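Structural description and commentary
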Amino acid sequence: MPERRKLKRRHLLYYLRVLNAETRRRVGYLVDITSEGVMLLRTQRMRPGRTIKMSMLLPGQSRNGERLEFDATSLWCRRDVNSDFWDVGFRVVNLNRRQMAVLETLIEDHGFND
């Protein structure tokens with residue numbers, strides 16, 4: 001399948017836990033990120049087309065608990081290299097200016113420069 005990504009993926013220096021903002025249940029762990037999408041590592045498969053309000057505690061924010069919350073729609077799901085896990089790609093939707101600024105700061109400050 002040809003690569004359709006417009007923006008270069010940025011792998012994070014460490015995985016961030018991602019929760020469903022409404023249920024507070026873990027959705028997965030953030031593996032890589034762009035300003036348009038994220039890939040999560042999960043223990044369970046997820047069907048494409050599902051929109052979730054995601055919530056992440058930002059690195060270094062454990063005292064005041066600043067979170068980034070945004071909606072994302074699942075686009076694809078496939079087995080990870082470790083067959084105990086699933087990789088799921090999401091498109092980030094409807095970001096406001098503040099959310100975009102926080103997301104870009106997260107990418108810049110905590111992304112792995114390759």
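Residues numbered from 1 in each chain as written. Predicted model: local features only at pLDDT ≥ 70, side-chain atom pairs only at ≥ 80, totals over all residues. Heavy atoms only, no water.

Re the overall build of the protein chain
A tally of regular secondary structure across the protein chain gives 1 helix and 6 strands. Reading the protein chain from its N end, one meets helices and strands in the order β-β-β-β-β-β-α. Split by element, the accessible area of the protein chain, about 7500 Å² in all, is 45% carbon and sulfur. (Helix = DSSP H or I, 4+ residues; strand = E, 2+ residues; numbered from the N terminus. Areas by Shrake-Rupley, 256 points an atom, 1.4 Å probe, with all protein chains shown as cover.)

A closer look at the packing of aromatic side chains
Counted according to the given criterion, the structure contains 0 aromatic pairs. A cation over a ring is seen here: Arg-78 above Trp-76, with NZ or CZ 4.1 Å from the ring centre. (Phe/Tyr/Trp six-rings, centres within 6.5 Å; stacked < 30°, edge-to-face > 60°. Lys NZ or Arg CZ within 6 Å of the ring centre and 35° of its normal.)

Structural notes on unusual backbone geometry
At Arg-24, a residue that is not glycine, the phi angle is positive and equals roughly 65°. Relative to the assigned elements, Arg-24 resides in the loop between β1 (10-20) and β2 (26-33). On the accessibility criterion, Arg-24 (43% relative accessible area) is partly exposed. (Buried < 20%, exposed > 50% of the residue type's maximum accessible area, 1.4 Å probe, protein only.)

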